[in-house]
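Observations on the model geometry
In case you want the letters, here they are:
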Amino acid sequence: MADVDQVERSGGPSMANVSLAALILLGTRFVQGFIFWGGASRRLFYDFHETAGVDQAVKLDFSAPGFVAAKLTHALPGALWLQAPIEWTLRHPDLIVASVWLWTLAELAVGVGLMFGIATRASAFVSIWLNVALMFIFGWMGSTCLDEWTMAVSGVAMSSALFLAGAGAYSLDNRLFVGSGFAHKRPWSTWIFSGPVPDAAVRKLAVWLGVACIAFTVITYQILFGAVVSSLHSRVNFHRHNIAVTALKVASDGSAIFDAYVNAGPDTGAAYIVSAKLLDGSGDVLASWDGKTLAELPATAIRNAYPYEWASHFETQLIGFSGQTGAKATITLPPPPALKPSESSARVLLLESIDGTVWRGVGGAG
């Protein structure tokens, strides 16, 4: 192997070991690269539909239900520390499109770089941070086996190892840069391609990256699932839906206006509301709306925060209405046929789901 010989002459036996590690990690490098290549290629090359006589990639078509940013609205309730920036981005269509394309091109570049071993260390470094971003946004999700968390921590660990080892003999880095002596003439290129790294730097980086991977794994597991220094519990429940009902206002005719936000639950389903009741402060029922009434709500009665076709929505169903994970809307319930009088000014709205779960919001008479 040309790079082993080169490294042995210039850096000593331990650098030969690094090149051997790169060979051992050949499968790891390809798999991590293929994961990112797969994500980018599914958007860019494999899923098209015709729009006005022109083929458009479905996942990159802002007007299509399959637009990839739909995942952001699903993930928003449990995102770590990024909820405000994501919400702000989701309110600006141009930023959404730019973000999707930036992420897609980054995945494509990292995927190709790792699979073919070109600019390997730079690709691995970017891969580390892509996986960190995936953790912050999607890490809480996974209805079966903590899917997104597992992918993110594995990606960080794999990419860290690849950053240290480089690409090894079977790579374009070796053929075009390392084996040709390019790296020896330009020391900075070592950190982009796969040139020899001084022994002391390798040892120090291995320790720091190892500690960082351990900390990243343990800390995120504790924050998201609470199973390191406390009992197992999800920070945001990805098994059962929850609807936060806020800003309730009730007019004199009994119509109720409130904000609803599906802030937990699996992104593969929706919460279904089949009845609503309005109570006073004493718990007496003042008004109610059955599933048929809720199903007949006009489009103007549900104002979704994200009106795009691909975003999570509240929408009417055959019986009642539903909201996907991440859906946020201002909803107006019509005046009931009969509104019972009450001396209490407090109002409580109860939303009952199809499985019997009840969500409540508190407000006052308008």
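Data block above holds the structure.
Residues numbered from 1 in each chain as written. Predicted model: local features only at pLDDT ≥ 70, side-chain atom pairs only at ≥ 80, totals over all residues. Heavy atoms only, no water.

**Looking at the side chain of Ser-123**
Along the chain, Ser-123 turns up in helix α7 (residues 120-138). The exposure class assigned to Ser-123 is buried, which follows from its relative accessible area of 7%. (Helix = DSSP H or I, 4+ residues; strand = E, 2+ residues; numbered from the N terminus. Buried < 20%, exposed > 50% of the residue type's maximum accessible area, 1.4 Å probe, protein only.)

**A word on helix α6 (residues 93-116)**
Turn by turn, an α-helix covers 3.6 residues, leaving residues three or four places apart pointing in a common direction. In a regular helix each residue adds 1.5 Å, so 24 residues correspond to 34 Å; α6 covers 35 Å between its end C-alpha atoms and thus fits that length. Inspection of α6 places Ile-96, Val-100, Thr-104, Glu-107, Leu-108, Val-110, Gly-111, Gly-113, Leu-114 and Met-115 among the buried residues, and these make up the whole buried set. In this structure, the buried residues of α6 make contact with α3 (26-44), α5 (83-90), α7 and α8 (147-165). Immediately beyond the C-terminal end of α6, within one or two residues, lies Gly-117, with a positive phi of roughly 65 degrees. (Expected span 1.5 Å × (residues − 1). Contact = heavy atoms within 4.5 Å.)

**Digging into the pattern of salt bridges**
A complete count under the given rule lists four salt bridges for this structure. Between Lys-328 and Glu-87 there is a salt bridge, with the nearest N and O atoms lying 2.6 Å from each other. Remark: Glu-87 occurs in helix α5 and Lys-328 occurs in strand β10 (residues 328-333); sequence separation between them is 241 residues. Measuring nitrogen to oxygen at the nearest pair gives 3.7 Å for the salt bridge that ties Arg-240 to Asp-355. Here Asp-355 lies in the loop between β11 (346-353) and β12 (358-365) and Arg-240 lies in the loop between α11 (199-225) and β3 (242-250), a separation of 115 residues in the sequence. Under the relative-accessibility criterion, Asp-355 is labelled exposed at 52%. (Salt bridge = Lys/Arg side-chain N within 4 Å of Asp/Glu carboxyl O.)

**Details of the environment of Trp-103**
For Trp-103, the position within the fold is in helix α6. For the pair Trp-103 and Ala-40, spaced 63 residues apart in sequence, the C-alpha separation works out to 8.5 Å. Excluding anything up to four places from it in sequence, Trp-103 contacts Arg-43, Leu-130, Ala-133 and Leu-134.

**Observations concerning the nonpolar core**
By size, the foremost hydrophobic cluster in this structure holds 40 residues, and its most contacted members are Leu-90, Ile-96, Met-135, Trp-140, Trp-149, Leu-224 and Trp-310. Elements with a minimum of two residues in this core: α3, α4 (70-75), α5, α6, α7, α8, α11 and β4 (256-264). Among all residues touching Ile-96, those that are not within four sequence positions of it are Phe-62, Phe-67, Ala-69, Thr-89, Leu-90, Tyr-308 and Trp-310. One finds Ala-276, Leu-333, Leu-349 and Trp-359 within the second-largest nonpolar core, a separate group that totals 27 residues. (Core = buried A, V, L, I, M, F, W, Y, C linked by side-chain atoms within 4.5 Å.)

**A short note on a nonpolar patch on the surface**
Together, Phe-30, Val-31, Phe-34, Ile-35 and Met-151 line one region of the surface with nonpolar side chains, adding up to about 450 Å² of accessible area. Counting residues per element, the nonpolar patch draws most heavily on α3, which supplies four residues. In this structure Ile-35 comes out as partly exposed when scored by relative accessible area, which is 35%. (Patch = residues over 30% accessible without salt bridge, like charges linked within 9 Å, V, L, I, M, F, W, Y side chains within 5 Å. Areas by Shrake-Rupley, 256 points an atom, 1.4 Å probe, with all protein chains shown as cover.)

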